[in-house]
Amino acid sequence: DRVSCVWQTVRDHLYQLCVHASESCFLVERAVVGLLRLAIRLLRREDIGSQVLLSLRLLLMMKAHVLSRVSREVAYGLHELLKTNAANIHCTDDWYTLFSLLECIGAGVKPPAALQVANTNADIDTGAQSDSELSSYHQSEVSLDRGYTSDSEVYTEHGKSRIPRSATDVDVGWLVVGKDDLDGSKAAVTPASKPLSHPLINQYSLTLGQDMGLHDTKSLIKCVDSLSFIVRDAAHVTPENFELCVKAIRVFVEASLNG
């Protein structure tokens, strides 16, 4: 009941143990497991639950080869966390943290570059990052690299490219438009417009476009169990996590296909 008084100190200590570890060892494993056990225990408290979930991004800041060595511990810890506390998770940022962890440890997706700690002198001087620094990598930043375009974005882009209303307004009754008229109007409009700087995106493409590496089989199976638990309960899939959930399913399908 007084964990908020010491949480920042504990989190900073776990940050030093996990993020700055250059190789996996027993101490790193215990630190990771300790962080997950704390999260499972504290997530039901509304006053600190969001901070605890945000602190799980420490795992995404770990070096990839170190995180892969503790992937099973993280996979089983996340499974327990979701089974006991999924109903207490409401924020999109919190769901982003959990789905990103599932993808990284289960499917071998590389952690987001924005969360990787650079090996600079400044990193040594600053020590642990504050919660505000941890949250600076927002879910919206990943939408550029997620490998697909949502329907709303397709419609938004389509709406931007429509002909201005003034070009189609007429003052006299009905206007009969034939194919030749359309071709002529296109020829008149095209020279004035600039060529497209970005290739057209096929919204029906199944290509994931995700950089994936090796994954541990048992971690994959446990993460799929966690994902299945979320999807099968209608209460857990909400507008806040729907797109993240669909993306995670696509990632695990890709990982399963490639073996």
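Predicted model, so just to flag it, every value in this text is computed and none were measured.

Here's the deal with a nonpolar patch on the surface
A grouping of Val231, Ile249, Val253 and Leu257 is seen on the molecular surface, where their side chains present a nonpolar patch of about 350 Å² in accessible area. Among the elements that make up the nonpolar patch, the one with the highest residue count is helix H15 (residues 242–258) (3 residues). Summarising the element assignment, valine 231 is placed in helix H14 (residues 217–232). Classification of valine 231 as partly exposed rests on a relative accessible area of 38%.

Examining the nonpolar core
Ranked by internal contacts, the top residues of the largest apolar core, which has 55 residues, are Val32, Leu56, Leu59, Met62, Leu98 and Phe99. For this core, the element with the highest residue contribution is helix H7 (residues 92–107), accounting for 9 residues. Each residue touching methionine 62, except ones within four places of it in the same chain, is listed here: Cys18, Val19, Val28, Val32, Leu67, Val70 and Gln116.

A closer look at the pattern of salt bridges
Applying the stated criterion across every chain yields a total of 5 salt bridges. A salt bridge links arginine 30 to glutamate 29; its shortest N-O distance comes to 3.3 Å. For glutamate 29, a relative accessible area of 22% gives the class partly exposed. Put simply, glutamate 103 and lysine 247 hold a salt bridge, and the shortest N to O gap is 2.9 Å. Remark: lysine 247 occurs in helix H15 and glutamate 103 occurs in helix H7; sequence separation between them is 144 residues. Comparing glutamate 103 with lysine 247, the two get one shared label, buried.

Regarding the environment of serine 68
Mapped onto the fold, serine 68 is located in helix H5 (residues 64–69). Among the residues examined, serine 68 registers a relative accessible area of 43% and is labelled partly exposed. Along the primary structure serine 68 and cysteine 104 are separated by 36 residues, whereas in three dimensions their C-alpha atoms are 8.6 Å apart.

Section: the environment of isoleucine 40
In this structure, isoleucine 40 sits in helix H2 (residues 26–42). Using a relative accessible area of 17% as the deciding quantity, one classes isoleucine 40 as buried. Note: C-alpha distance between isoleucine 40 and leucine 82 (42 residues apart in sequence) is 8.5 Å. Setting aside residues no more than four positions away along its own chain, isoleucine 40 makes contact with Gly77, Glu80, Leu81, Thr84 and Asn85.

A word on H7
Residues separated by three or four positions in an α-helix point in the same direction, a consequence of the helix having 3.6 residues per turn. The end-to-end C-alpha separation of H7 is 21 Å, in line with the 22 Å expected for 16 residues at 1.5 Å each. Counting buried positions over the 16 residues of H7 gives 15, a clear majority of the element. Just past H7, the residue glycine 108 takes up positive phi, approximately 80°.

So, H2
Spanning 17 residues, H2 covers 24 Å between terminal C-alpha atoms, matching the ideal 24 Å at 1.5 Å per step. Along H2, the positions that sit buried rather than exposed are Val28, Ala31, Val32, Val33, Leu35, Leu36, Ala39, Ile40 and Leu42.

Concerning the confidence of the model for the protein
Scored by pLDDT, the protein comes out at a mean of 75, with 64% of its residues at no less than 70. Within the model, the stretch residues 135–146 combines pLDDT values under 50 with 21 contacts to residues more than four positions away or in other chains. In this model, residues 157–172 is a region of pLDDT below 50 whose contacts with residues beyond four sequence positions or in other chains number 2 contacts.

A closer look at the packing of helix H6 (residues 71–85) against H14
At a minimum axis separation of 9 Å, H6 and H14 run at an interaxial angle of 15°. Relative to H14, the element H6 is oriented roughly parallel. At the point where H6 passes H14, the crossing takes the left-handed sense. Of H14, the residues touching H6 (which contributes Ser71, Arg72, Ala75, Tyr76, Leu78, His79, Leu82 and Lys83) are Lys218, Ser219, Lys222, Cys223, Asp225, Ser226, Phe229 and Ile230. Split into classes, the residues belonging to the contact of H6 with H14 amount to 7 nonpolar, 4 polar and 5 charged.

Criteria and cut-off values
Residues numbered from 1 in each chain as written. Predicted model: local features only at pLDDT ≥ 70, side-chain atom pairs only at ≥ 80, totals over all residues. Heavy atoms only, no water. Patch = residues over 30% accessible without salt bridge, like charges linked within 9 Å, V, L, I, M, F, W, Y side chains within 5 Å. Areas by Shrake-Rupley, 256 points an atom, 1.4 Å probe, with all protein chains shown as cover. Salt bridge = Lys/Arg side-chain N within 4 Å of Asp/Glu carboxyl O. Helix = DSSP H or I, 4+ residues; strand = E, 2+ residues; numbered from the N terminus. Buried < 20%, exposed > 50% of the residue type's maximum accessible area, 1.4 Å probe, protein only. Core = buried A, V, L, I, M, F, W, Y, C linked by side-chain atoms within 4.5 Å. Contact = heavy atoms within 4.5 Å. Expected span 1.5 Å × (residues − 1). pLDDT = per-residue confidence, 0-100. Axes fitted to C-alpha atoms, helices over the stretch in contact; angles between N-to-C directions. Parallel < 35°, antiparallel > 145°, perpendicular 65-115°, else oblique. Left-handed = near helix turned anticlockwise from the far one by under 90°. Nonpolar A, V, L, I, M, F, W, Y, C, P; charged D, E, K, R; others polar.

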